[in-house]
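Residue-level listing of the chains:
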Amino acid sequence: ASTKEEPGTTVVVAPEYYPDDFEAYLNMVQYLEDDLMIENDLHGVVQLAPFHPSFQFQGTEEADIDNLTNRAPYPSFHILREDEVSSAVQKLKGDSSKVWNRNVRLLQNLQKTFGRQKAEKIMKRSEE
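Because the structure is a prediction, the values reported are computed rather than measured. (Residues numbered from 1 in each chain as written. Predicted model: local features only at pLDDT ≥ 70, side-chain atom pairs only at ≥ 80, totals over all residues. Heavy atoms only, no water.)

Asks: How would you sum up the packing of aromatic side chains? Please name residues and give values.
Replies: If you walk through the whole model with that rule in mind, you get 5 aromatic pairs. With a centroid separation of 5.3 Å and an interplanar angle of 65 degrees, the aromatic rings of Phe 22 and Phe 55 are classed as edge-to-face. One end of the pair, Phe 22, is in helix 1 (residues 22-39); the other, Phe 55, is in the loop between strand 2 (46-51) and strand 3 (76-81), with 33 residues separating them in the sequence. Overall, Phe 22 belongs to the buried group, its relative accessible area being 12%. Within the aromatic cluster, the residues linked to one another by ring pairs are Phe 22, Tyr 25, Phe 55, Phe 57, Phe 77 and Trp 100. (Phe/Tyr/Trp six-rings, centres within 6.5 Å; stacked < 30°, edge-to-face > 60°. Helix = DSSP H or I, 4+ residues; strand = E, 2+ residues; numbered from the N terminus. Buried < 20%, exposed > 50% of the residue type's maximum accessible area, 1.4 Å probe, protein only.)

Asks: Go over the sheet that holds strand 1 (residues 9-13), please, and point to the residues and values.
Replies: Spatial ordering of the open sheet is given by 1-3-2, a layout of 3 strands whose pairing is antiparallel. Since the sheet does not close on itself, it has two edges, and those belong to strand 1 and strand 2, each with one partner. Averaged over all neighbouring strand pairs, the angle between strand axes comes to 20 degrees, with direction disregarded. Here helix 1 sits on the sheet and contacts strand 2 and strand 3; the angle it forms with strand 2, its principal contact strand, is near 175 degrees. (Pairing = 2+ DSSP bridges. Axes fitted to C-alpha atoms, helices over the stretch in contact; angles between N-to-C directions. Contact = heavy atoms within 4.5 Å.)

So, in structure tokens, the structure goes:
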């Protein structure tokens, strides 16, 4: 587990890494996971959570509201310590999907209450 001297999480914002090309960004994420993490013996130590302006889960339509859970203004990565992720999942009785499902329900409620455009603006923190 992390300590105050040793952060448990890091966010890397990488605006120059394919902001307009989601597929190229995913290829880079794959490289980080398959090559860089293996070379540095980081599997089982950290995991990456990718975020991108055009994020789209496999098997979804581009406009599906659940894609907003992993969208960000710039390409970025959330680097998480595996032991902290495991600890958090244990608190959820082993069901990590509870967090994602809660986030999707929140987005669905925002969309139902305010409409799609307003829900997207809320997620982008747009002042328009």
